Amino acid sequence: MPQTNLPNVTAILVAAGASRRMGFDKLSYRLPDGHTVLEHSCAAFAAHPAVTQLVLVAGANRAACEAIAAVCAKPCAVVSGGETRADSVRNGLAAATGELVAIHDAARPFVSGELITEALQAAARTGAAAPAVPVKDTIKVARDGLVEHTPDRATLYAVQTPQCFRRALYEQALQTVQGEQARLVTDDCSLFELAGMAVALTRGDYANYKITTREDLEKEKTMRIGHGYDVHRLVEGRKLILGGVEIPHETGLLGHSDADVLLHAVMDAVLGAAAMGDIGQHFPDSDPAYKGADSLALTRAVDKLLREHGYVVGNIDATILCQAPKLAPHIPAMRRNIAEAFGLSAEAVSVKATTEEHLGFTGEKKGIAAHAVALIEKQSD
């Protein structure tokens, strides 16, 4: 990350919530790379060149916070949270030393360095800034279950964190907003609003979402990617079948089944994405039942198996390595066949063909190979 030319920054990570809506400590949840939500959030700020200090505001997870602080590459303090988020931020602010403070919900583990930089730079210029993204949905204002009016969506933004401020201004805002008015504070920006101070909005990121419910965690488990590769020898006396399409040619592919090298690569990509082995495991060439088998039928069987494990195919991209014959006229039919087997639209299936300029076994017309990449997604309940 390039030098930011910013004054010293204290990152205050608010990690004292009770996770009532989640039902368990979401900050201790381990993401697919094995690190916890809290570790991810802390690492993003510890790696930022402008951040000179971290303050972790802890609740019942104080031991976890102290363990992170002990190995942090930058000075890292741990303080106790308060009864409300505003109280927790106040406690974090008391331990801060930076001229700027970046107050971040620890439950937003996917914040990027670029987003942090833009918010800090705006705060250095204006005194207060927060990242935000335009609201995608139409919003209704309602009372007693009835719609009162629809605000102009073009004026609506979902505010994210880190919300960044000059520390002296934040302390001034805290002195200004007291008593009953302080109960109206819902986030750090609202404190400045109540104090009559302006807050600049910077570019947010839809990926910088806050983990609040179990469904938010599922976003990290919905998509998986697999790669498949297969090759078959070209011989006389065999049909040439690719993507379920019989293509007129003087030679065909040798194999136990119909030797459809494209579908075999596609199936291996899909099975690999689900960590379910390969086609040799599910349809072994030692089993007479699969001698001469229609690979389209096997592809439909793979789709059924995938769905039984809770996944569906999202899209497929495949490349055939073939010197001859010319495959372009047959590719639309291949795409339709693959799409039908997985219950997709043809637009979700890409099939390309290329020669290898007479190089290698495919270039010498001794065989045909295929690569495939597949994305699979967890089915919603």
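A few points on the structure. Model, not experiment: these values are computed from the prediction. (Residues numbered from 1 in each chain as written. Predicted model: local features only at pLDDT ≥ 70, side-chain atom pairs only at ≥ 80, totals over all residues. Heavy atoms only, no water.)

Before going further, it helps to examine the overall build of the protein. The helix and strand tally for the protein stands at 12 helices and 17 strands. Taken over the C-alpha trace, the protein has a radius of gyration of 28 Å; the compact-globule value for 381 residues is 21 Å, which it surpasses by more than 25%. Along the longest, intermediate and shortest principal axes, the C-alpha atoms of the protein span 90 × 55 × 35 Å. Counting only residues that meet the buried cut, the protein has 45% of its 381 residues in that class. For the protein, the accessible surface area stands at approximately 18,800 Å², while carbon and sulfur atoms represent 51% of it. Considering the protein, the positive charge centre built from 37 side chains and the negative charge centre built from 45 side chains are found 2 Å apart. (Helix = DSSP H or I, 4+ residues; strand = E, 2+ residues; numbered from the N terminus. Rg over C-alpha atoms; globule rule 2.2 N^0.38 Å. Buried < 20%, exposed > 50% of the residue type's maximum accessible area, 1.4 Å probe, protein only. Areas by Shrake-Rupley, 256 points an atom, 1.4 Å probe, with all protein chains shown as cover. Lys, Arg positive; Asp, Glu negative; His and termini not counted. Charge placed at Lys NZ, Arg CZ, Asp CG, Glu CD.)

Bringing the sheet that holds strand E17 (residues 367-378) into the picture now. With mixed pairing, 5 strands are arranged side by side in an open sheet as E14-E11-E17-E15-E16. Lying at the two open borders of the sheet, with one neighbouring strand each, are strand E14 (252-253) and strand E16 (349-354). Examined bridge by bridge, strand E11 (residues 223-235) and E17 share 11 bridges and lie antiparallel to one another. By the bridge assignment, Arg224 is partnered in E17 with Ile376. Each of strand E15 (311-321) and E17 is contacted by helix H10 (residues 295-308), which is oriented at about 145° to E15, the strand it contacts most. In this fold helix H11 (residues 331-342) packs onto E15 and E16, with an angle of close to 145° to the strand it touches most, E16. (Pairing = 2+ DSSP bridges. Contact = heavy atoms within 4.5 Å. Axes fitted to C-alpha atoms, helices over the stretch in contact; angles between N-to-C directions.)

Here we come to the pairing of strand E7 (residues 146-149). Where strand E6 (residues 141-143) and E7 come together, 3 bridges link them in antiparallel fashion. Bridged to Val141 within E7 is His149. Counting the residues in the hairpin turn of E6 and E7 gives 2 residues, including Asp144, whose phi is positive at 55°.

A separate point is the packing of aromatic side chains. Under the defined criterion, the tally for this structure stands at 5 aromatic pairs. Between Tyr170 and Phe192, the aromatic rings sit 5.9 Å apart at their centres with planes inclined by 50°, giving tilted as the arrangement. Remark: Phe192 occurs in helix H6 (residues 188-194) and Tyr170 occurs in helix H5 (residues 167-176); sequence separation between them is 22 residues. Of the two residues examined, Tyr170 and Phe192, each falls in the buried class. (Phe/Tyr/Trp six-rings, centres within 6.5 Å; stacked < 30°, edge-to-face > 60°.)

Another point: the environment of Glu377. Along the chain, Glu377 turns up in strand E17. Judged by relative accessible area, which is 31%, Glu377 ranks as partly exposed. The contacts of Glu377, once residues within four sequence positions are left out, are Thr222, Met223, Gly310, Tyr311, Val312 and Gly314.

Here the second largest pocket is characterised by a volume of approximately 300 Å³. Lining the second largest pocket are 16 residues, with Thr84, Ala86, Asp87, Ala182 and Val185 positioned closest to its centre. Sorting the residues of the lining of the second largest pocket by element identifies helix H3 (85-94), H5 and H6 as the ones contributing at least two each. Among the elements that make up the lining of the second largest pocket, the one with the highest residue count is H3 (5 residues). Each residue belonging to the lining of the second largest pocket can be placed in one class, and the counts come to 8 nonpolar, 2 polar and 6 charged. (1 Å grid on protein atoms, 1.4 Å probe; cavity = no way out; pocket = protein on both sides within 12 Å on 5 of 7 lines; lining within 4 Å. Points joined across faces, edges and corners; volume = space filled by probe spheres on them. Nonpolar A, V, L, I, M, F, W, Y, C, P; charged D, E, K, R; others polar.)

Turning next to the side chain of His264. Looking at where His264 falls in the secondary structure, it is placed in helix H8 (residues 261-273). In this structure, His264 is in contact with Asp230, His232, Ser257, Asp258, Ala259, Ile279 and Ser295, ignoring residues within four places of it in sequence.

Next up on the list: H3. Turning to H3, its buried residues are Ser88, Val89, Gly92 and Leu93. Buried residues along H3 cover an arc of 140° about the axis, so they all sit on one side. Of the surrounding secondary structure, the elements contacted by the buried residues of H3 are strand E1 (9-15), strand E2 (51-58), strand E3 (76-80), strand E4 (100-105), H5 and H6. (Arc of directions from axis to C-beta.)

Across all of its chains, the model carries 0 disulfides by this definition. Cysteine Cys72 shares no disulfide, and the gap to the nearest cysteine sulfur, in Cys76, comes to 4.6 Å. Cys164 takes part in no disulfide bond, and the closest cysteine sulfur to it belongs to Cys189, at a distance of 9.3 Å. Judged by its relative accessible area of 0%, Cys164 is buried. (Disulfide = S-S within 2.5 Å.)

As a further point, take the nonpolar core. Among the nonpolar cores identified, the biggest contains 49 residues, and Leu242, Met334, Ile338, Phe342 and Ile368 are the most heavily contacted of them. Of all the secondary structure elements, the ones that give two or more residues to this core are H8, H10, E15, H11, E16 and E17. Those residues in contact with Ile338 that sit more than four places away from it in its chain are Leu262, Leu263, Val266, Ile316, Val349 and Val351. (Core = buried A, V, L, I, M, F, W, Y, C linked by side-chain atoms within 4.5 Å.)

Before going further, it helps to examine the side chain of His48. With respect to the helices and strands, the residue His48 is situated in the loop between helix H1 (37-46) and E2. With a relative accessible area of 1%, His48 lands in the buried category. From its side chain, His48 meets the backbone nitrogen of Ala50 in a polar contact 3.1 Å long. (Polar contact = N/O pair within 3.5 Å; in protein donor to acceptor, adjacent residues only side chain to side chain.)

This next bit is on the environment of Glu193. Counting through the fold element by element, Glu193 comes out in helix H6. Classification of Glu193 as exposed rests on a relative accessible area of 55%. On a C-alpha basis, the gap between Glu193 and Ala95 in space is 24 Å, while along the polypeptide they are 98 residues apart.

The subject of this paragraph is the pairing of strand E9 (residues 163-166). Two strands pair when backbone bridges link them, and E4 and E9 are joined in this way by 4 bridges, in the antiparallel orientation. When the bridges of E9 are listed, Ala102 appears paired with Cys164. Direction of pairing for strand E5 (residues 128-134) relative to E9: antiparallel, over a ladder of 2 bridges. Bridged to Ala128 within E9 is Phe165.

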